[in-house]
Amino acid sequence: MSTPYTILSQNRVGGGGTYYRISHASISTHTPMTFGLFVPSRYVTNITGISGNKTNVPVIFWLSGLTCDDTNFAQKAGARAFLAGEKEGVAIVMPDTSPRGDDSVPNVDSYDLGIGAGFYVNATKAPYSTHYHMYNYVTNELPNLLKEHFCIGNDNLRSITGHSMGGHGALTIAIKDPSNWVSVSAFSPICNPTNCPWGKKAFDNYFGSVDMGKAHDATALLSERSTPITEFDEILIDQGDADNFLTEKQLLPENLVEAAEKCGQKITLRMQKGYDHSYFFIASFIEDHVSFHGKRLQKRSAQILSSQAAAYDFASTAGKPITCQAMVARGPKQPLVLETITVAPPKAGEVRVKVIANALCHTDVYTLDGHDPEGLFPSILGHEAGCIVESVGEGVTSVQVGDHVIPCYTPQCAAPSCIFCQSPKTNLCPQIRGTQGQGLMPDGTVRFTDKDGKPIYHFMGCSTMSEYTVLAEISCAKISKELALEKACLFGCGVSTGLGAVWNTCKVEVDSSVAVFGLGAVGLAVIQGAKMAGASRIIAVDINPEKFAAAVALGATDTVDSSKLDKPVQAHIVEMTKWGVDYTFDCTGNVNVMRAALECAHRGWGTSCVIGVAASGHEISTRPFQLVTGRTWKGTAFGGFKSRRDVPGLVQRCIDGTLPVDHFITHTLDGVDKTNDAIEALHSGHCLRAVVRY
């Protein structure tokens, strides 16, 4: 079957995403149409991969202004926009401003009419009525193409923005049909086109009447309303006060604001001092707009997933055994086996949850490979997940059915008698450590049995490679439902560990120097946390230079490929910095690297933190002189976070946009049976986190 589109070009862009130019034959304009498309790195397989592995991608539509085509925005403001899109985990689509093609497409020798000036309307007057149907193209044909072929913008997960004529298009398209858009913003929009020269000329030529243009006039549309648009909590508009078209009365934002005030619609008009109408203006504030839409798209996505979860009939399973699918580890160095298991109801102090998404962590593979001295078989691995409470056992009060939770392998009993929970110095609550290490629930028994009724061990108190699992109440961190669980699951281990090693264990100060060894998800989280803490120099060390781009995007100032050095890496870093760095972090689990990290910590006060878990039987070593001369060697578990208290706060920071995590998700798969594929991806060296959605 022929593909109804052609990828003309593709370029990797800042942050790791990809910018495509794509052409297709349009049924709206009856011409070839070309659009630009930025796709964040975690979603690139939506363009290149098989249909079954595609993930619904939220998208922002960018509509350009007069004289532009599909490339102007990408070339002039794309660098900042695409970085912001990578951070927010949103695609950006950039359609052309009009039909183009052969001589059959009518045009005039004027920058504000015809080619490059389609005004995002469906023309009804000849000669434009045959081809100039940009409204249908933007609102119907292009969204459907993106959904059908790339899984972009499903469930109306799309927002819209634009500049000048494109700002007019964004406002009118969203106001006319708010149910199809999550949010809307604009730069220097033509707010009242029926009252300005540009709009009057366009509407007279495209419709035969300026009055007919009122259906595509944002001010006129709001003037007809007596109530605000409930779908839009806010409309963001940026306008430069040195814009010559503002003084020429082409834009008229004051008219739109007046109409909005009358109907109660919230519009935030930011008058930006000294800025004109150019792409310099757009590039200066585009990150604000991508963030504005990203937060709202993320919230809507979580609402959709939450409503889908609400459809589960948990009442029918409460108090009964549940039969479900799980990936069972039958022995070390063996592939996981898809099996039908039985999950018993929760006992006192326990919670049974439905696992919605599970992220594969190196610790799971470490155990599966037989390196964990506490590794037991058969068992159900997995400990980095997002779940919904299905039922609770006797005495459980902190969570209830329907709550979203993250299982935490480091529990927090919070009992007044627990000296560990009450101490600010540690997060290592020992309340259930004895049974958890034996693969058992707190009462010394298991909740899993196979088809023959034989017991299956638990893992790290979590066992989330199963569609259902049972947890201790004190291992459940209740979180907001506003963050999709396929993102929230990352806070169950690696990301939290890396961030906490910086913020809690080492308390990295502003202007510190940092070296990070190993650029997997934990190492990148350390870099992200160090940047957020204000570190001025961050040295990223790995033997795979392909990982350096992601490290730099998150804040690394220097990169070192230690495999290419002719001297020990610690000596190289000491030379780079004269005395070493203030803080070093080992994220490899290699005891030789742990030593190197210590020995490039700053003489007199340097601190080195061990995060990576070494294989069973391995020991660390160094010369005592390294410690005598002022260095501190310490380790961290779960980044020092007290799980039930702190994880909800991390999730909220992600919701608020101050702690993005999309960049960690490089692979997304559907179905618990795809877990072995996730393990293969992790072994490839190109995977940070593979999230498997159940």
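In case you missed it, the structure is sitting above this.
Residues numbered from 1 in each chain as written. Predicted model: local features only at pLDDT ≥ 70, side-chain atom pairs only at ≥ 80, totals over all residues. Heavy atoms only, no water.

1. Quick look at the environment of Ile456
Part 1 of the argument: Along the chain, Ile456 falls in strand E16 (residues 455-456).
Part 2 of the argument: Here the alpha-carbon distance between Ile456 and Ser379, two residues 77 residues apart in the chain, equals 5.1 Å. (Helix = DSSP H or I, 4+ residues; strand = E, 2+ residues; numbered from the N terminus.)

2. What to know about the packing of helix H2 (residues 72-88) against helix H9 (residues 279-310)
Two quantities define a packed helix pair, namely the angle between the helix axes and the distance between the axes.
Part 1 of the argument: Running from amino to carboxyl end, H2 crosses H9 at an angle of 30 degrees, the nearest separation of the two axes being 9 Å. Here H2 lies roughly parallel to H9, going by the angle between them. Crossing handedness for the pair H2 and H9: right-handed. The segment H2 lies against H9, with Asn72, Phe73, Lys76, Ala77, Arg80, Ala81, Ala84, Gly85 and Glu88 engaging Tyr279, Ile282, Ala283, Ser284, Ile286, Glu287, Val290, Ser291, Gly294 and Lys295.
Part 2 of the argument: Considering only residue class, the contact of H2 with H9 consists of nine nonpolar, five polar and five charged. (Axes fitted to C-alpha atoms, helices over the stretch in contact; angles between N-to-C directions. Parallel < 35°, antiparallel > 145°, perpendicular 65-115°, else oblique. Left-handed = near helix turned anticlockwise from the far one by under 90°. Contact = heavy atoms within 4.5 Å. Nonpolar A, V, L, I, M, F, W, Y, C, P; charged D, E, K, R; others polar.)

3. Topic: the sheet that holds strand E10 (residues 322-328)
Part 1 of the argument: If you trace the four strands from one edge of the open sheet to the other, you get E10-E11-E15-E16, paired in antiparallel fashion. Looking at which strands have only one partner, the edges of the open sheet turn out to be E10 and E16.
Part 2 of the argument: Alignment of strand E11 (residues 337-343) against strand E15 (residues 448-449), held across two bridges, turns out to be antiparallel. Of the residues in E15, the one forming a bridge with Val343 is Phe448. (Pairing = 2+ DSSP bridges.)

4. Side note on the sheet that holds strand E2 (residues 18-25)
Part 1 of the argument: Read from one edge of the open sheet, six strands run E1-E2-E3-E5-E4-E6, paired in mixed fashion. Two strands bound the open sheet, and with one partner strand each, they are strand E1 (6-12) and strand E6 (158-162). Shown here is a sheet whose adjacent strand axes are inclined to one another by a mean of 20 degrees, direction ignored.
Part 2 of the argument: Pairing of strand E4 (residues 59-63) with strand E5 (residues 91-95), which is carried by three bridges, proceeds in the parallel orientation. Counted as the bridge partner of Ile60 is Ile92 from E5.
Part 3 of the argument: Taken strand by strand, helix H4 (residues 165-176) contacts E4 and E6, and its axis lies near 145 degrees from that of E6.
Part 4 of the argument: Packed on one face of the sheet, H9 meets E4, E5 and E6 and runs near 150 degrees to E4.

5. Brief notes about the packing of helix H14 (residues 494-505) against helix H15 (residues 521-533)
Part 1 of the argument: As a packed pair, H14 and H15 sit with axes 7 Å apart at the nearest point and diverge in direction by 40 degrees. Our classification of the angle between H14 and H15 gives oblique. H15 is crossed by H14, and the crossing has right-handed handedness. Residues Gly494, Val495, Gly498, Leu499, Val502 and Trp503 of H14 pack against Val522, Ala525, Val526, Gly529, Ala530, Met532 and Ala533 of H15.
Part 2 of the argument: Residue composition of the contact of H14 with H15, by class: ten nonpolar, three polar and no charged.

6. So, the environment of Met94
Part 1 of the argument: Tracing the sequence through the fold places Met94 in strand E5.
Part 2 of the argument: Classification of Met94 as buried rests on a relative accessible area of 1%.
Part 3 of the argument: On a C-alpha basis, the gap between Met94 and Gly500 in space is 39 Å, while along the polypeptide they are 406 residues apart.
Part 4 of the argument: Sequence-distant contacts of Met94, that is, excluding residues within four places in its chain, are made with Tyr19, Phe35, Gly36, Leu37, Phe38, Trp62, Asp70, Phe73, Ala74 and Phe82. (Buried < 20%, exposed > 50% of the residue type's maximum accessible area, 1.4 Å probe, protein only.)

7. With respect to the side chain of Lys354
Part 1 of the argument: Its place among the elements puts Lys354 in strand E12 (residues 350-359).
Part 2 of the argument: Buried and unpaired, Lys354 has no salt bridge, with Glu467 as the nearest side chain of opposite charge at 5.8 Å.
Part 3 of the argument: Once residues within four sequence positions are removed from consideration, Lys354 is found in contact with Tyr312, Phe314, Gly386, Cys387, Ile388, Glu390, Glu467 and Tyr468. (Lys, Arg positive; Asp, Glu negative; His and termini not counted. Salt bridge = Lys/Arg side-chain N within 4 Å of Asp/Glu carboxyl O.)

8. Re the layout of surface pockets
Part 1 of the argument: Roughly 1,000 Å³ of volume is contained in the second largest pocket.
Part 2 of the argument: Gly15, Ser41, Glu86, Ala550 and His663 are the residues nearest the centre of the second largest pocket, which is lined by 37 residues in total.
Part 3 of the argument: Broken down by secondary-structure element, the contributors of at least two residues to the lining of the second largest pocket are H2, H9, H15, helix H16 (548-554) and strand E25 (665-670).
Part 4 of the argument: The element that contributes the greatest number of residues to the lining of the second largest pocket is H2, accounting for five residues. (1 Å grid on protein atoms, 1.4 Å probe; cavity = no way out; pocket = protein on both sides within 12 Å on 5 of 7 lines; lining within 4 Å. Points joined across faces, edges and corners; volume = space filled by probe spheres on them.)

9. Describing the state of the cysteines
Part 1 of the argument: Applying the stated criterion across every chain yields a total of zero disulfides.
Part 2 of the argument: The thiol sulfur of Cys429 is not disulfide-bonded, and the nearest other cysteine sulfur, from Cys413, lies at 3.7 Å.
Part 3 of the argument: Note on Cys476: no disulfide assigned, nearest cysteine sulfur contributed by Cys387 at a separation of 8.0 Å. (Disulfide = S-S within 2.5 Å.)

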